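# Tertiary structure, described
Each chain, written out:
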Amino acid sequence: MNRKPTINKDFTSVEELQIRIKKLEQDVKVLNKLYFINDIYHDVSITESCKKLGITRVTGHNWLNQWNEGGYDSLDRKSGSGGQSKLTPEQKKELSEIIIDNKIYSSKQVLELIKEKFNVEYSIRQVERILRDLKFGYGKPYTIYSKMPEDAEESLKKNFKE
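One structure accompanies this document, and this report is about it.

Reading the values: rules and limits
- Residues numbered from 1 in each chain as written.
- Predicted model: local features only at pLDDT ≥ 70, side-chain atom pairs only at ≥ 80, totals over all residues.
- Heavy atoms only, no water.
- Helix = DSSP H or I, 4+ residues; strand = E, 2+ residues; numbered from the N terminus.
- Expected span 1.5 Å × (residues − 1).
- Buried < 20%, exposed > 50% of the residue type's maximum accessible area, 1.4 Å probe, protein only.
- Arc of directions from axis to C-beta.
- Contact = heavy atoms within 4.5 Å.
- Axes fitted to C-alpha atoms, helices over the stretch in contact; angles between N-to-C directions.
- Parallel < 35°, antiparallel > 145°, perpendicular 65-115°, else oblique.
- Left-handed = near helix turned anticlockwise from the far one by under 90°.

Moving on to helix α5 (residues 107-118). At 3.6 residues per turn, the α-helix brings residues three or four places apart onto the same side. Here α5 spans 16 Å end to end across 12 residues, near enough to the 16 Å set by a 1.5 Å rise per residue. Along α5, the positions that sit buried rather than exposed are Val110, Leu113, Ile114 and Phe118. In an axial view of α5, the angular spread of the buried residues amounts to 100°, which keeps them on one side of the axis. Exposed side of α5, more than 90 degrees from the buried face: Lys108 and Glu116 are the residues found there. Buried residues belonging to α5 abut α4 (89-101) and α6 (124-133). At the C-terminal side of α5, asparagine 119 shows a positive phi close to 55°.

Attention shifts here to the packing of helix α1 (residues 14-41) against helix α2 (residues 46-53). Any two packed helices are characterised by how steeply their axes cross, that is the angle between the axes, and by the distance between the axes. Viewed as axis vectors pointing N to C, α1 and α2 meet at an angle of 150°, and their least axial separation amounts to 9 Å. What the angle tells us is that α1 and α2 run roughly antiparallel. Crossing handedness for the pair α1 and α2: right-handed. Contact residues: α1 offers Asn32, Tyr35, Phe36, Asp39 and Ile40, while α2 offers Ile46, Ser49, Cys50, Lys52 and Leu53.

See below:
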């Protein structure tokens, strides 16, 4: 009979815990790079050090180049250094024009458009990021009452002041 263990959740939230985990993972990556540099300082060959750390020689050379260019600070991952976009800047510009011309209003429609037009698959979250980068805002749609008078806003302001 397995019983679910109890955990005291008073110390931190799940979000804070995940942030700490991510930070420590990043610290471990930098620590491995420092181990590599330390090996090079102690005349260990790049090949041996790479084998010891379980990395490729190309990665080892990249780490060494980072160190030679900027020391310790250059070993930390730079912010915004994510992967290459699947869409080129030209394709993004074309996508923007298509969205405007066809009056596309939902991320889901844009997701389908990207798949059809450019044969690229993204998650809905990534499409939202792309739309934000293309300066497309979003807001909750609201209905406009068909029998609303032309001067409804002014009437509302006037009534509100009274």
